[in-house]
Amino acid sequence: QVQLVESGGGLVQSGGSLTLSCAASGSIFSVYDMGWYRQAPGKQRELVAAITRGGRTNYADSVKGRFTTSRDNAKNTVYLQMNSLKPEDTAVYYCNARIGPIREEHWGKGTLVTVSS
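Below: a short report on this structure.

Thresholds applied
- Residues numbered from 1 in each chain as written.
- Predicted model: local features only at pLDDT ≥ 70, side-chain atom pairs only at ≥ 80, totals over all residues.
- Heavy atoms only, no water.
- Helix = DSSP H or I, 4+ residues; strand = E, 2+ residues; numbered from the N terminus.
- Rg over C-alpha atoms; globule rule 2.2 N^0.38 Å.
- Buried < 20%, exposed > 50% of the residue type's maximum accessible area, 1.4 Å probe, protein only.
- Salt bridge = Lys/Arg side-chain N within 4 Å of Asp/Glu carboxyl O.

This part takes up the overall build of the protein. Counting its secondary structure elements, the protein contains zero helices and eleven strands. A compact globule built from 117 residues would reach a C-alpha radius of gyration of about 13 Å, and the protein, at 14 Å, matches this within 12%. Counting only C-alpha atoms, the protein reaches 45 × 25 × 25 Å along its principal axes. When each of the 117 residues of the protein is scored for burial, the buried share is 41%.

Printed below as a string of structure tokens:
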């Protein structure tokens, strides 16, 4: 059974930084695309950043230049470095990964990021 476990969320002031981590564990043969989504109260879940196994990245326009995603394939871990945080970045952040030969989609349980003004 595959698990994705996020860590690193918390409360930060506007302009501050946080780093999220997400580690995949369990019966893993290979991890393909990994990424971060977020869901703010009353809003739909949206893509924040994604990274391929080869390191190609994609970002939402709202976070370009402020957030950076990276991964350690040996540790099956993906990171999200968030700088210059804004109150509108407040949301539950979810890790997403496609794992195994059929690239089955998996989700973490989420970690809350709160940015105070």
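Next, the rest of the story.
For the rest of this paragraph, the subject is the pattern of salt bridges. Side-chain pairs of opposite charge can arise where the charged atoms are in close proximity. Throughout the structure, instances matching the rule amount to five salt bridges. Among the salt bridges present, the one from E46 reaches R38, with a minimum N-O distance of 2.8 Å. Residue R38 is classed as buried on the basis of its relative accessible area of 6%. Taken together, the shared-partner salt bridges connect R38, E46, R66 and D89 into one network.

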